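# Summary of structural features
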Amino acid sequence: MARVVVDVMLKPEILDPQGQAVQRALPRLGFEGISDVRQGKRFELEVDGPVDEAALARIRDLAESFLANTVIEDFTVKVEEGAEVAEAAK
Amino acid sequence: MTARIGVVTFPGSLDDRDTQRAIRLAGADPVALWHKDKDLKQVDAVVLPGGFSYGDYLRAGAISRFSPVMDTVIEQAKAGLPVLGICNGFQVLTEAHLLPGAMLGNDHLHFICRDQKLRVENAETAWTGDYRQGQEIHIPLKNMDGRYVADPYTLDKLEAEGRVVFRYLDMNPNGSLNDIAGVTNEAGNVVGLMPHPEHAVEPLIGSGRTDGLPFFTSILKKLVNA
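The structure displayed is predicted, hence computed values, not measured ones. (Residues numbered from 1 in each chain as written. Chains lettered and ligands numbered in written order. Predicted model: local features only at pLDDT ≥ 70, side-chain atom pairs only at ≥ 80, totals over all residues. Heavy atoms only, no water.)

Let us now look at the overall build of chain A. Secondary structure summary: chain A contains 3 helices and 3 strands in total. Its helices and strands in sequence order give chain A the pattern β-α-β-α-β-α, from N to C terminus. Radius of gyration (C-alpha) of chain A: 17 Å, far over the 12 Å computed for a compact globule of 90 residues. For the C-alpha atoms alone, the extent of chain A along its principal axes is close to 45 × 35 × 15 Å. In chain A, which comprises 90 residues, the share counted as buried stands at 30%. Taking contacts inside chain A between residues at least 6 apart in sequence as the whole, the part at least 24 apart equals 71%. By element, 55% of the accessible surface of chain A is carried by carbon and sulfur atoms, the whole surface being about 5900 Å². (Helix = DSSP H or I, 4+ residues; strand = E, 2+ residues; numbered from the N terminus. Rg over C-alpha atoms; globule rule 2.2 N^0.38 Å. Buried < 20%, exposed > 50% of the residue type's maximum accessible area, 1.4 Å probe, protein only. Contact = heavy atoms within 4.5 Å. Areas by Shrake-Rupley, 256 points an atom, 1.4 Å probe, with all protein chains shown as cover.)

What follows is about the overall build of chain B. Tallying secondary structure elements over chain B gives 5 helices and 11 strands in all. In terms of overall dimensions, chain B has C-alpha extents of about 40 × 35 × 35 Å along its principal axes. Within chain B, the proportion of its 226 residues that are buried is 59%. Within chain B, counting contacts between residues at least 6 apart in sequence, those at least 24 apart form 73% of the total. Within the structure as shown, chain B displays about 9100 Å² of accessible surface, and the carbon and sulfur contribution to it stands at 50%. A gap of 2 Å separates the mean positions of the 22 positive and 28 negative side-chain charges of chain B. (Lys, Arg positive; Asp, Glu negative; His and termini not counted. Charge placed at Lys NZ, Arg CZ, Asp CG, Glu CD.)

The next subject is the environment of A:Glu13. Relative to the assigned elements, A:Glu13 resides in the loop between strand 1 (2-10) and helix 1 (17-25). As a C-alpha pair, A:Glu13 and A:Ile72 span 59 residues in sequence and 8.9 Å in three-dimensional space.

A few words on the sheet that holds strand 3 (residues 73-80) of chain A. All names here are of chain A. Here we have 3 strands laid out as an open sheet, ordered 2-1-3, and antiparallel in their pairing. Two strands bound the open sheet, and with one partner strand each, they are strand 2 (41-47) and strand 3. Geometrically, the sheet is characterised by an average inter-axis angle of 20 degrees between neighbouring strands, direction not taken into account. In this sheet, strand 2 lies alongside strand 1 in antiparallel orientation, the contact comprising 7 bridges. (Pairing = 2+ DSSP bridges. Axes fitted to C-alpha atoms, helices over the stretch in contact; angles between N-to-C directions.)

Let us look at the packing of helix 1 (residues 16-26) of chain B against helix 5 (residues 213-224) of chain B. All names here are of chain B. Contact pair helix 1 / helix 5: the axes reach a minimum separation of 9 Å and the direction vectors enclose 60 degrees. Our classification of the angle between helix 1 and helix 5 gives oblique. Taken as a pair, helix 1 and helix 5 cross one another with a handedness that is right-handed. Across the interface between the two elements, Thr19, Ala22, Ile23, Leu25 and Ala26 of helix 1 pack against Leu213, Phe216, Thr217 and Leu220 of helix 5. Among the residues making up the contact of helix 1 with helix 5, the classes are represented as 7 nonpolar, 2 polar and no charged. (Parallel < 35°, antiparallel > 145°, perpendicular 65-115°, else oblique. Left-handed = near helix turned anticlockwise from the far one by under 90°. Nonpolar A, V, L, I, M, F, W, Y, C, P; charged D, E, K, R; others polar.)

Below, the structure is given as structure tokens:
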């Protein structure tokens, strides 16, 4: 089993009021010097079998058609290295 | 002769029954459609009602858009079947790319529920023929994800082609670009809007206005005269 991570973020030109609300709360928590926060989504896909080019191509299709709405969002797909190690450390 | 207008029920739809009632009040026959059925029961038009289908998980309308009924709705809408999406239905239509743009959370991050003033910007779609161009109407608005966005090229194209069907007046309740409350596709058979015409069809309830009823009489006339 391998883990593929799909990160989805609003496009830079799209207003993100949730991110702004988080950013505005930071000074109250004593965090200074953070000028902008943008909030996105992370999907962790546990893939049965090998993550070869064909599997990644299918996941990219899935991300483009379903996990992200490319009218408003960008996405990245990456294979998480050492996923099993992290699992064992829990 | 009258027309048969389907209303799809998704898991989490809220306004399917109100929509059926509005269709009946307008003089047409409402037909209940189920999200798991590909069969549209030979209806003459379809309404995707408001609500929170699939809990708005992932994005509002994103999961419903892949339901079996939508395969048929998308195919037939492209062939000219009149389709109206109200609120969550509008979100489903943008997710299905039957309408351009996308819906995002209100810019103020709150749920909003109010009687909203709108201007009818296009009285020539399948669903707006009984309005006058430029008519000002009040119908209820109630949503969390009502912020209409599209890229500048798409916005210019919509404005130039008269495809903005409704615009918010007096105030912009959710940060929608160009105060857009509803849009149509190129052919004018698919219309989506955030406010709820089905909640403004009887003088006894709500604001006492019936400003939403022309949606349903418009489509009836269009179908019967076709």
